[in-house]
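A closer look at the structure
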Amino acid sequence: MVEPIIELRDVVKRHGAITAVCRVSFSIEAGAFVSIIGSSGSGKTTTLRLIAGLEHADEGQVVVAGRDMRNVAPWESETPLVWQNFVLFPHLSVADNVAFGLRMRRMDAKSRRRKAERALDAVGLGGFQNRSVGTLSGGQMQRVGLARALVLEPRVLLLDEPLGALDPPTARQMQTELKRLHAELGITFVYVTHNQPEASALSDQIIVMDQGVVHQIATPYELEHRPRDRFVARFVGDNAIIEGTVLSLTAKGALVRTPDGDIAAVRGDCRIPDVDAKVAVAIAASAIRLSEAGAPALSGSIETIEMTSGIGRMTIKTRAGTLFGAVVTRRDIEQCNACVGHTIQFRWADDAPTIISNN
Amino acid sequence: MHRFGHSALAIYAAAALVFIYAPFFLLVLFAFNTSRFPYWPFQGFSLHWFQSMANGALFSAVLNSLLVALASSFIATVIGAMSAYCISRFNFNAKNAYVAFILLPPCVPLIVLALILLAFLRQVGLANSLGSVVICHVLLTSPLAFGLVRLRLSQVDPEFESAAWNLGASRWVAIRDVVLPLILPSLVAAFLLTMAVSWDEFTIAWFVSGANVTLPVFLWNMFQGQVSAMVNAIGTVSFVGSATLVLAAEALFFRQRASTDRRIDHG
């Protein structure tokens, strides 16, 4: 068990009448790449600012690298932040921006310059020292933002939607760069984003927040295949949700009677339900296969087909009225002669159905 | 029709400008006239009135005005900038009332303000000195400085300060190293504009300056005794000085705004 470097215990933060963060608890292991995802207003940025020490919790405890942040001023936090809109100082050169934190630590000018140059090299901006920040492109600005934080050699790097203001090709490139930097530096990255694919591609662990509350903490794989509740199943993953009652308990979970037939579902992140309890079952769109002849299958009519470059999504409505999403390839569609209005047979991977908490 | 509207507007604008600037033009013109009286026709070109400016009383008045303008605009800029920072970065009870309170002095008729100030300064034993003029001019011009700096601060993202803190700058260091450089043009503009106002101000100075007359008061006193075209010469010099201050302030303020807007576009 690796020592947690960041720990939140029952943290509450209010902004006037709004509770931005409500009884949030989690811990982050040293060296991990953890993302906090959620829509705007989910409390993810406030949570990051609490870790950064820019705001202080109203209740509960935030511990970063062994320090209770309650007694730490914003300028004593030692957890540099990379900002969505860069927030580079416009009156300073690129090198002076990068060296700002070193100057605050009273490092002498010569070492400052040397370290700043090395940090700029590390983010691929060697030779940009004397440029004015106003002349840089968005991607270059964010690299300066990264260098400005990394030059302090922090144990924790905080990133607030760092790719949010970049155009898609630049964002993809920066995403690869971030992954490489994390592997190279071995420090903890805490990454806030509303972009779930981005978080899945980068993170060891994802914390899902909505309206100030944590819904699930899981690996990207678990998040996709074992959603804990309806919110995660619907807004983070792409799942069909089927209501039912528990017929019997099994080793892995339960057999659930639903209008679409009896489904053997796996217990995910929620507690074991009782027999006869009302539950909901989530089935991920990526686990749905258009059926070959012979396999036990459900049938439904195709409602929509949306293709984007070879891969797409189909929605199928069963007779019971459940709407299934299915990830399909162009080949699948050609093989089954699928088109909107046709009836089609489909099945899912045996361990795909997951019991989710029914609220 | 559209075209006609445009040219009508242009003629109107030109007429307005002529109407406003004709007196200045005539002032400058008659400063070079040989005659003592500013009447048409022009009597002949002369530098006589500029030469006659070289007298001790006028110089001491100019010096007084300069001292008052420098001191009051420095103090007004500091007070205005500090209030502006407070207003734009902190929330507190009755903030709007406080802003209204700050902006009140220039809304009081000058003559009323002058009388009240004279009465007050006499009570506290500060009347009839240059210091009293400085105090009054600070009161009159600090709202102007406040307005200018506040406008600039509203364009400076508070996140710049958060970023500075995050990198280890204390509150004061963040103000010194990040906020001040970003609002510097507005500070200079505020300094120049308040200086121009103080340099020209007559009413209050006439009431409270006592024997230490400033330039506008000197001119007034001179006119009481005799009509001299020297006033045109002084007016010309003074006008050139004030106009330079105001133009410099505007150039600084708007150039900085334009360049910041460009930067924001990049971000």
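Residues numbered from 1 in each chain as written. Chains lettered and ligands numbered in written order. Predicted model: local features only at pLDDT ≥ 70, side-chain atom pairs only at ≥ 80, totals over all residues. Heavy atoms only, no water.

A short note on the overall build of chain B
The following threshold applies: By the criteria applied, helices consist of DSSP H or I runs no shorter than four residues and strands consist of E runs no shorter than two, each listed in order from the N terminus. Burial classification: accessible surface area is computed with a 1.4 Å probe over protein chains only, and a residue below 20% of its type maximum counts as buried, one above 50% as exposed, and the rest as partly exposed. Note on contacts: a residue pair qualifies if any of its non-hydrogen atoms lie within 4.5 Å across the two residues. The accessible surface values rely on the Shrake-Rupley method and a 1.4 Å probe; as for residues, cover is taken only from the protein chains in view. Note that His is not counted, nor are the chain ends; the positive residues are Lys and Arg, and the negative ones are Asp and Glu. Charged side chains are reduced to one point each, which is NZ for Lys, CZ for Arg, CG for Asp and CD for Glu.
If you tally the helices and strands in chain B, you get 11 helices and zero strands. Dimensions of chain B along its principal axes, counting C-alpha atoms only, are 70 × 65 × 30 Å. Looking at the 267 residues of chain B, the share that counts as buried comes to 42%. Intrachain contacts of chain B at a sequence separation of at least 6 include 72% that bridge at least 24 residues. By element, 73% of the accessible surface of chain B is carried by carbon and sulfur atoms, the whole surface being about 14,500 Å². Side chains of chain B carry 13 positive and 9 negative charges; the gap between the two charge centres is 4 Å.

Considerations on the pattern of salt bridges
Heads up, the rule is: What makes a salt bridge here is a side-chain nitrogen of Lys or Arg within 4 Å of a carboxyl oxygen of Asp or Glu, nothing more.
Following the criterion strictly, the structure yields 18 salt bridges over all chains and no others. With a shortest N-O distance of 3.0 Å, Asp 262 of chain A and Arg 257 of chain A are connected by a salt bridge. On the accessibility criterion, Asp 262 of chain A (39% relative accessible area) is partly exposed. Classification of Arg 257 of chain A as partly exposed rests on a relative accessible area of 45%. The closest approach of N and O atoms between Asp 177 of chain B and Arg 176 of chain B, which form a salt bridge, is 2.9 Å. Judged by relative accessible area, Asp 177 of chain B falls into the buried class, the value being 11%. Through salt bridges with shared partners, a single ionic network connects Arg 143, Glu 177, Arg 180 and Glu 184 of chain A.

Quick look at a positive patch on the surface
Stated formally: Like-charged residues within 9 Å of one another, or nonpolar side chains (Val, Leu, Ile, Met, Phe, Trp, Tyr) within 5 Å, are grouped into patches, provided each residue has over 30% relative accessible area and no salt bridge.
A contiguous patch of positive charge on the surface is contributed by Lys 110, Arg 113, Arg 114 and Arg 118 of chain A. Relative to the helices and strands, Arg 114 of chain A is located in helix H3 (residues 109-122).

Details of the domain arrangement of chain A
Quick note on the threshold: Boundaries of every domain are those given by an automatic assignment or by a domain database.
Partitioning chain A into domains gives domain 1 (4-223) and domain 2 (238-356). Distance between the C-alpha centres of domain 1 of chain A and domain 2 of chain A: 38 Å.

Concerning the interface of chain A and chain B
Counted only if it meets this: Summed over both partners, the accessible area (1.4 Å probe) lost when two parts come together is defined as the buried area. Under this definition, polar contacts are N or O atom pairs within 3.5 Å; protein pairs additionally need one hydrogen-donor-capable and one acceptor-capable atom, and for neighbouring residues in sequence, both atoms have to be side-chain atoms. Residue polarity follows a fixed list, in which Ala, Val, Leu, Ile, Met, Phe, Trp, Tyr, Cys and Pro are nonpolar, Asp, Glu, Lys and Arg are charged, and the others, Gly among them, are polar.
In this complex, chain A contributes 27 residues to the contact, which on the side of chain B involves 21 residues. Contact with chain B buries surface across chain A, with Trp 75, Pro 90 and His 91 of chain A losing the most and accounting together for 29% of the total. Counting across the interface, chain A meets chain B through two salt bridges. For the salt bridge of Glu 159 of chain B with Arg 49 of chain A, the shortest nitrogen-to-oxygen distance reads 3.5 Å. Here chain A is connected to chain B by six residue pairs in polar contact (both at pLDDT 80 or more). Of all the secondary-structure elements, those providing two or more residues to the side of chain A that touches chain B are helix H1 (44-52), helix H2 (94-104) and helix H4 (138-150) of chain A. For the side of chain A that touches chain B, the element with the highest residue contribution is H2 of chain A, accounting for four residues. Partitioning the side of chain A that touches chain B into residue classes produces 17 nonpolar, six polar and four charged.

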